[in-house]
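Now for the letters of each chain:
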Amino acid sequence: MKLRLEQYPEAIAQAAQAANELEHQIAEVKQQLANLEAQADVVVAFDSELKNDFQRKARRHQVLQANPAYEPTQERLLQLTTEKANALAYLEQLRNHFSVAKLETRLLIVQQLTGLESRELVGL
């Protein structure tokens, strides 16, 4: 999409805001995962039948896998992370297009000034 030069700052701000919103959602999902993991840690901590770290890690894994919210939450984190990466790529693309549009505008101005100076030199 080709924007006019004056439209880029607003588009860039909107794209940055979208990326920031995704970052906020990622933080929320990470907090949800941390809570689910803490709940599993509590179950493991009070299981006196577990004799070593390997058994505790395996039991923790079982508890997490048994929680119906754990896997969808992990999938949501992956989805949001991908969306954020795409949003940041779009933001970078907008910034680059803006830079190119500014350079093209400067070149046009220079060409117009150069043409004007040439005409003045010839007396037109």
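Structure first, text after, so check above.
These numbers were taken from a predicted model, which means no experiment stands behind them.

Another aspect to go through is the packing of aromatic side chains. For any pair of aromatic rings, the description rests on two quantities: the centre-to-centre distance and the angle between the ring planes. By the definition in use, this model includes 1 aromatic pair. A cation over an aromatic ring shows up here: K102 above the ring of F98, its NZ or CZ 4.6 Å from the ring centre.

All right, on to the side chain of T73 then. By secondary structure assignment, the location of T73 is in helix α3 (residues 70-122). According to the relative accessible area criterion, T73 is buried, its value standing at 11%. Within the structure, T73 has its side chain in polar contact with the backbone oxygen of A69 (distance 2.5 Å). Among residues more than four places away in sequence, those in contact with T73 are V29, Q32, L33 and L36.

Core analysis: the largest hydrophobic core is formed by 13 residues, its most contacted members being Y70, L77 and L80. Take this core: its biggest share by element is 7 residues, from helix α1 (residues 8-45). For L77, the contacting residues outside a window of four places in its chain are I26, V29, K30 and L33. Counting 9 residues, the second largest nonpolar core, distinct from the first, contains Y8, I12, A15 and L91.

Here we come to the pattern of salt bridges. A complete count under the given rule lists 7 salt bridges for this structure. For the salt bridge of E23 with K84, the shortest nitrogen-to-oxygen distance reads 2.4 Å. With a gap of 61 residues between them, E23 in helix α1 and K84 in helix α3 connect regions that are remote in the sequence. Relative accessible area serves as the criterion here: at 34%, E23 is assigned to the partly exposed category. D53 serves as the salt-bridge partner of R56, at 3.2 Å between the closest nitrogen and oxygen. Note that R56 and D53 are positioned in helix α2 (residues 53-66) at a spacing of 3 residues, about one turn of the helix. By relative accessible area, R56 is classed as partly exposed at 31%. Members of the salt-bridge network, linked through shared partners, are E37, D41 and R60.

Calculation notes
Residue numbers here run from 1 along each chain, matching the order of that chain's written sequence. With the structure being a predicted model, the display of local features is reserved for residues of pLDDT at least 70 and the display and counting of side-chain atom pairs for 80 or more, all residues being used for whole-chain, interface and lining totals. Water and hydrogen atoms were dropped before computing side-chain values, which therefore reflect all heavy atoms in the structure. Between rings of Phe, Tyr and Trp, where Trp is taken as its six-membered ring, a pair exists when centres lie within 6.5 Å; planes separated by under 30 degrees are stacked, by over 60 edge-to-face, and by other angles tilted. A ring is considered to have a charge above it if a Lys NZ or an Arg CZ atom is located within 6 Å of its centre and within 35 degrees of its normal. Helix and strand definitions here come from DSSP, where helices need a minimum of 4 consecutive H or I residues and strands a minimum of 2 consecutive E residues; each element is numbered from the N-terminal end. Each residue's exposure class comes from its accessible area (1.4 Å probe, protein chains only) as a fraction of the maximum for that residue type: buried when under 20%, exposed when over 50%, partly exposed otherwise. Identification of polar contacts relies on pairs of N or O atoms within 3.5 Å, with a donor-acceptor requirement for protein atoms, meaning one able to donate a hydrogen and the other able to accept it, and with residues adjacent in sequence counted only if both atoms are side-chain atoms. Working rule for contacts: check all heavy atoms of both residues, and any pair within 4.5 Å makes them a contact. We define a nonpolar core as any set of buried Ala, Val, Leu, Ile, Met, Phe, Trp, Tyr and Cys residues linked to one another through side-chain atoms lying within 4.5 Å. Take a side-chain nitrogen of Lys or Arg and a carboxyl oxygen of Asp or Glu: if they are within 4 Å of each other, that pair is a salt bridge.

Remember, this is a structural readout, not a statement about activity or role.
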